[in-house]
Amino acid sequence: KIASNTNEKVTNNIENLANLKDTSMEKNTAKPGNQIKDNDSRNDSVHGDNVSRGNEKAQAQNFNNFSNQPNACDCKHGGECLLASKTCYCSHGFTGVKCQKRIRKVLVVGGLRDVQIRLDSELVGGLEVRRCSPPPYPRPIIAATGQTSEDTVVVCGGATQIGGKLTPTDKCHIWKKSNTWSPPFAMSASRAWAASVLTPTASQHQMVVIGGVDQNNVTLDTIEVIDIKARKSIKIGLTLPTPLAGHCAVQLNSSHTFVAGGAVNGLAGFSGPANFSNKCWLLSEKGWTEAGRLAQARSIHSCTTVVSRAGEVEVMAVGGIGLSNVGTRMVLDSVEIYNIGTGKWRKGPKLPLAEFGAGLLVLAGQPMLIGGRYQDEDQLRQSDSSFMYQNSWRSSTLKMRNPRDLAVTVAAPAFC
């Protein structure tokens, strides 16, 4: 009975996050910029060519051949040589023309402080020298998505307070060596709790934004591609196998995208009847294929790649919100690891704290979990700390100035 009461209180606390008070709204003085919408559905691939939409079963594939052998581009640290452009596509945690640099700093944008939506940006680098001062985001934002491509940071969507109501936005902004973020450009749809990945093209990287929740609280199955250089969004014909929000996405290499979990309705699982997913999908030029199922259906979780002791690239999904045996929402401390070669999930070491809404990315070759909202008995509290994964979880020296969750957490740009 005590456990049941605790879960009910946690459920109430989680649902309260979907009804944030208008305590943090600040007037947005940014002037509209080049808002370009280009809804071109003729090419429905995120990797270059049209893809089939068959949902065949995923076949075991060796994603480690390119990373363990010398390559024509002299890519370091498991970087993939793209022969067409003679450039390197870096594995997570590395950057530079030859993937020679380790990423050691994190950029955190927006998120929540208690129940107040933030617009500040913070560079988190532990003992590393800070070479930049990130400007505030143009508006308070939570549940946005973002990526870093060398010296450019892109943040899209998310939710902000409009007229006292938490409302998803379609706006994207770019930060590149300046004192302010760029004027906005628009996606084809407003979306919060979307996922994104960075994929290569012949001359640059592009950001792919997947799913999310729109202004009518409808969960989306649509996908759009952000042309970072042109600063425009292109809606493509390819869609998710099912509408999703609060899911996570990981780019495994230049041609394969992995999507796991999420909620098919209810504001990413925060409100209304919860319908969490445990399904996982792999996107390639052949289209979507099923990629096993999580033992625990979850949303608002975090994922990234991790290298096993055998040197294999695997996917790690951590924390999030799920359902208890009695149907109440609960915060998860479980970790699941997907072996790409075998196509199977296994249990990983549990998190030190049950939490959701945290950032997870690879720093200096190791997965790092930072921030988030964790369960303390029947209360939800925020974290300013980080944990590093090295076959087990251990405390890290990285620490934010203030606790926050549901923020955009990306690698710091190269100039930082």
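Chemist: Outline the pairing of strand E28 (residues 335–339), listing residues and values.
Modeler: Among the 5 residues that make up E28, 5 are buried, leaving the element largely enclosed by the rest of the structure. Where burial is concerned, the two faces of E28 agree: the one with Val335, Ile337 and Asn339 and the one with Glu336 and Tyr338 are both buried. Following E28, the chain reverses through 4 residues before pairing antiparallel with strand E29 (residues 344–348); Gly343 in that reversal takes a positive phi of roughly 75°.

Chemist: Run through the pattern of salt bridges, naming residues and quoting values.
Modeler: Any two side chains of opposite charge can pair, given that their charged atoms come close. Under the defined criterion, the tally for this structure stands at 12 salt bridges. One salt bridge connects Arg118 with Asp120, and the closest N-O pair in it is separated by 2.8 Å. According to the relative accessible area criterion, Asp120 is partly exposed, its value standing at 22%. Among the charged side chains, a salt-bridge network with shared partners connects Arg118, Asp120, Glu122 and Arg404.

Chemist: Just give me the short version of a positive patch on the surface, but keep the residues and values in it.
Modeler: A cluster of basic residues, Lys176, Lys177, Lys229 and Arg231, forms a positive patch on the protein surface. Residue placement: Lys177 occurs in the loop between strand E14 (171–175) and strand E15 (185–186).

Chemist: Can you tell me about the state of the cysteines, naming the residues and giving the values?
Modeler: Counted according to the given criterion, the structure contains 6 disulfides. Bridging Cys90 to Cys99, the disulfide has an S-S length of 2.2 Å. Its S-S torsion of approximately -95° makes the covalent link between Cys90 and Cys99 left-handed. Note on Cys90: relative accessible area 16%, which makes it buried. Sulfur-sulfur distance for the disulfide between Cys156 and Cys172 comes to 2.1 Å.

Chemist: Before we move on, could you go through the environment of Lys350 and cite the residues and values that matter?
Modeler: Of note, Lys350 is situated in the loop between E29 and strand E30 (355–356). The exposure class of Lys350 is exposed, given its relative accessible area of 58%. Sequence spacing of Lys350 and Trp393 is 43 residues, and the spatial spacing of their C-alpha atoms is 7.9 Å. In this structure, Lys350 is in contact with Asp333, Val335 and Trp393, ignoring residues within four places of it in sequence.

Chemist: So, the sheet that holds E14: which residues are in play, and what are the values?
Modeler: Strand pairs in the sheet, formed through backbone hydrogen bonds, run parallel or antiparallel to each other. The strand order E10-E11-E14-E15 describes an open sheet built from 4 strands, whose pairing is antiparallel. Of all strands in the sheet, those bounded by a partner on one side alone are strand E10 (145–149) and E15. Across 5 bridges, E10 lies against strand E11 (residues 152–156) in antiparallel orientation. If you follow Gln147 over to E11, its bridge partner there is Val154.

Chemist: An account of the pairing of strand E12 (residues 159–162) is requested, with residue identities and associated values reported.
Modeler: Across 4 bridges, E12 lies against strand E13 (residues 165–168) in antiparallel orientation. By the bridge assignment for E13, Gln161 is matched with Leu166. Connecting E12 to the next strand, E13, in antiparallel fashion are 2 residues, including Gly163 with a positive phi near 60°.

Chemist: Run through the sheet that holds strand E22 (residues 279–284), naming residues and quoting values.
Modeler: The strand order across the open sheet built from 4 strands is E20-E21-E22-E23, with neighbouring strands paired in antiparallel fashion. Two strands close off the open sheet at either side, each with one partner strand: strand E20 (248–251) and strand E23 (287–293). Each adjacent strand pair in this sheet contributes to an overall mean axis angle of 25°, direction not counted. By the bridge criterion, 4 bridges tie strand E21 (residues 257–260) to E22 in an arrangement that is antiparallel. Its bridge partner being in E22, Ala260 is matched across the sheet by Cys280.

Rules used throughout
Residues numbered from 1 in each chain as written. Predicted model: local features only at pLDDT ≥ 70, side-chain atom pairs only at ≥ 80, totals over all residues. Heavy atoms only, no water. Buried < 20%, exposed > 50% of the residue type's maximum accessible area, 1.4 Å probe, protein only. Helix = DSSP H or I, 4+ residues; strand = E, 2+ residues; numbered from the N terminus. Pairing = 2+ DSSP bridges. Salt bridge = Lys/Arg side-chain N within 4 Å of Asp/Glu carboxyl O. Patch = residues over 30% accessible without salt bridge, like charges linked within 9 Å, V, L, I, M, F, W, Y side chains within 5 Å. Areas by Shrake-Rupley, 256 points an atom, 1.4 Å probe, with all protein chains shown as cover. Lys, Arg positive; Asp, Glu negative; His and termini not counted. Charge placed at Lys NZ, Arg CZ, Asp CG, Glu CD. Disulfide = S-S within 2.5 Å. Contact = heavy atoms within 4.5 Å. Axes fitted to C-alpha atoms, helices over the stretch in contact; angles between N-to-C directions.

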